[in-house]
Amino acid sequence: MSVLRKKSIDKIVADAEAGAADGHSSGLRKVLGVRDLTFMGIAAVVGAGIFSTIGSAAFSGGPGIAFLFIITAVTCGFSALCYAEFASRVPIAGSAYTYAYVSFGELIAWIIGWALILEYAIGNIVVAISWSGYFNNLLEAFNINLPAWLATNATTAKEAFTEAATSLTAGENVASLTKPLRQGYEAWTTAPLIGGYRFIVNLPAFIIVVLVTILAYIGIKESKKSTNFMVVFKIAVIIFIIIVGGFFVDLDNWQPFLPNGFGGVLAGVSAVFYAYIGFDAISTTAEECKNPQRDLPRGMIYSLLICTVLYILIALVLTGMVNYSELKVDDPLAYVFERLNMPWISYMISVSAVVATTSVLLVFQLGQPRIWMSMSRDGLLPKKFSNVHPRYQTPAFATIVTGFLVAIPALFIPSSIVTDLTSIGTLFAFVLVCAGVLLLPRIMKGPGKFQLPYINGKIIIPLMVIGFTFLSWQRINDAVANIGSESYQEVLFLVFMAVLYISALFSFLKNLSFIPVVGALCCAYLMIEIPADSWFWFFVWMGVGLVIYFIYGRRRSKLAE
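Residues numbered from 1 in each chain as written. Predicted model: local features only at pLDDT ≥ 70, side-chain atom pairs only at ≥ 80, totals over all residues. Heavy atoms only, no water.

Before going further, it helps to examine a nonpolar patch on the surface. A grouping of I459, L463, I466, I502, L505, F506, F508 and L509 is seen on the molecular surface, where their side chains present a nonpolar patch of about 810 Å² in accessible area. Mapped onto the nonpolar patch, the elements with two or more residues apiece are α18 (460-471) and α20 (488-510). Sort the elements by how many residues they give to the nonpolar patch and α20 lands first, with 5 residues. In this fold, I459 is placed in the loop between α17 (416-437) and α18. Residue class for I459 comes out partly exposed when judged on its relative accessible area of 49%. (Patch = residues over 30% accessible without salt bridge, like charges linked within 9 Å, V, L, I, M, F, W, Y side chains within 5 Å. Areas by Shrake-Rupley, 256 points an atom, 1.4 Å probe, with all protein chains shown as cover. Salt bridge = Lys/Arg side-chain N within 4 Å of Asp/Glu carboxyl O. Helix = DSSP H or I, 4+ residues; strand = E, 2+ residues; numbered from the N terminus. Buried < 20%, exposed > 50% of the residue type's maximum accessible area, 1.4 Å probe, protein only.)

Quick look at the structure:
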């Protein structure tokens, strides 16, 4: 079928070695080494997760949340190894989109490219909104207060106003309300009316996206220097927090280590996985690497290992300083030091949080244009998206479009709408990259290149499936009993079990490699834990993408020629 036509890896590699990118003149500067890529990976990963979502995860799982960081790191590690295998074989921009093109074919490549918009562009809306919250906290520390209606969105403000009004009716006063309720109430009651609607926008989120987009537009060299500086700063602050906080750890706070059992630990899956999103973004910069086949795999794996160690140490220190039940707050790191009467450290954390989320924004704003550039080169998007600026040597038009796509929604929408969509899009890409490795022909390892180690899954994977079935037997029975109800989560679980058994069968018959199979299955399991309504919007998003492909991309594809 024409929609499943594939690219040739040999031709891609030959073109790359000849100085072209997938048959096209690249025009991008090759300035990135292993250290730069590692820093970019850390910049993309260490952001809102460690400064905010770790609190809600710790509230559910207690000190045992450290186990979940390890589990999630192993899951992401399997995916990172598969990304590294592709990066060593396909040294061009495009990330999972290009990898799918050489393994599954054009239609799946388009689908995954469209899904990556959820990870990079749409995901950056969440990061921008988080940045705004940290920035406002920092301003308040210096007694600078923006009008409340310029620091949030109408949906969040209205929800806070409704809840606050109920509390006020019950006899409470405004000063006794929680900070989010107080800010939302103020935003709703003080916002100017325009045409009968309250004008409430998140101005800081908009401004930071514009500034970061300008930096990404100017050049990869300037972006590299900025990223490296921000990473050094935030790692220094995190290490400082770990060392200072370690002196205040009370071992009694670690008792019990699993207060809500292992189920409580797993309840934080979504929050903890969100803390790892982004390590794959550096694969989009392949054409700006000095030696992509050697350096990209190392950069991905090094950054993931460093982030995992930092996450585990922070989780242990955080839950040791105060009881886990106190950590369901928006800024847990700052909270614990305020609780210990050390506000100067909480101010330092606020500064670090602003820097950390800025670095995440920058890496993602670099990643999305390069996905579009690759799709445009292949004819699936208009040629304008692949234009490289003659002076700055960046995908100029694609960078500007990405800026608009992130900045405008960040003004108006709440982050809760797109957070789960971001996770689905990311996990979907991980599943296809892991599965795609199974379709690659085996080759001899080249000097200085990464190669995914082959571990025969013939026996291991079926045994793991049997063990998982035994542990999940009660849930399987409940899912079968409720199959006629509206419990979409249980339907997704049964679909996953079917995929599990099929994978075990093929692993036994075909001697499939252990790492990519387990990587795909782990990511698929995390996907089914995401709420069903997010799946609905994910399918709507993918449906829109398919319409665009069949109307425009399929006929204009370079491979169609």
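All right, on to the packing of aromatic side chains then. Under the definition given, this model contains 22 aromatic pairs. Relative to F496, the ring of F468 has its centre 6.0 Å away and its plane inclined at 75 degrees; by these criteria the two rings are edge-to-face. In this pair, F468 sits in helix α18 while F496 sits in helix α20, placing the two residues 28 residues apart along the sequence. You can call F496 buried: its relative accessible area is 6%. Ring pairs connect the aromatic residues W110, W114, W541, Y549 and F550, which therefore count as one cluster. Residue placement shows K458 over the ring face of F508; its charged tip is 4.2 Å from the ring centre. Here the basic side chain of R475 rests over the ring of F493, its NZ or CZ set 4.1 Å away from the ring centre. (Phe/Tyr/Trp six-rings, centres within 6.5 Å; stacked < 30°, edge-to-face > 60°. Lys NZ or Arg CZ within 6 Å of the ring centre and 35° of its normal.)

For T152, the location among the structural elements is in the loop between α6 (106-141) and α7 (154-169). Among all residues touching T152, those that are not within four sequence positions of it are A157, A187, I200, V201, N202 and L411. (Contact = heavy atoms within 4.5 Å.)

Relative to the elements of secondary structure, L304 occurs in helix α13 (residues 292-321). Every residue in contact with L304, bar those within four places of it in the chain, is listed here: A73, C76, G77, A80, Y276 and F279.

Moving on to the packing of α13 against helix α14 (residues 332-339). Where α13 contacts α14, the axes come no closer than 10 Å and their chain directions differ by 35 degrees. Crossing hand, α13 versus α14: left-handed. Across from I314, L318 and M321 in α13, the residues of α14 making contact are P332, L333, V336 and F337. (Axes fitted to C-alpha atoms, helices over the stretch in contact; angles between N-to-C directions. Left-handed = near helix turned anticlockwise from the far one by under 90°.)

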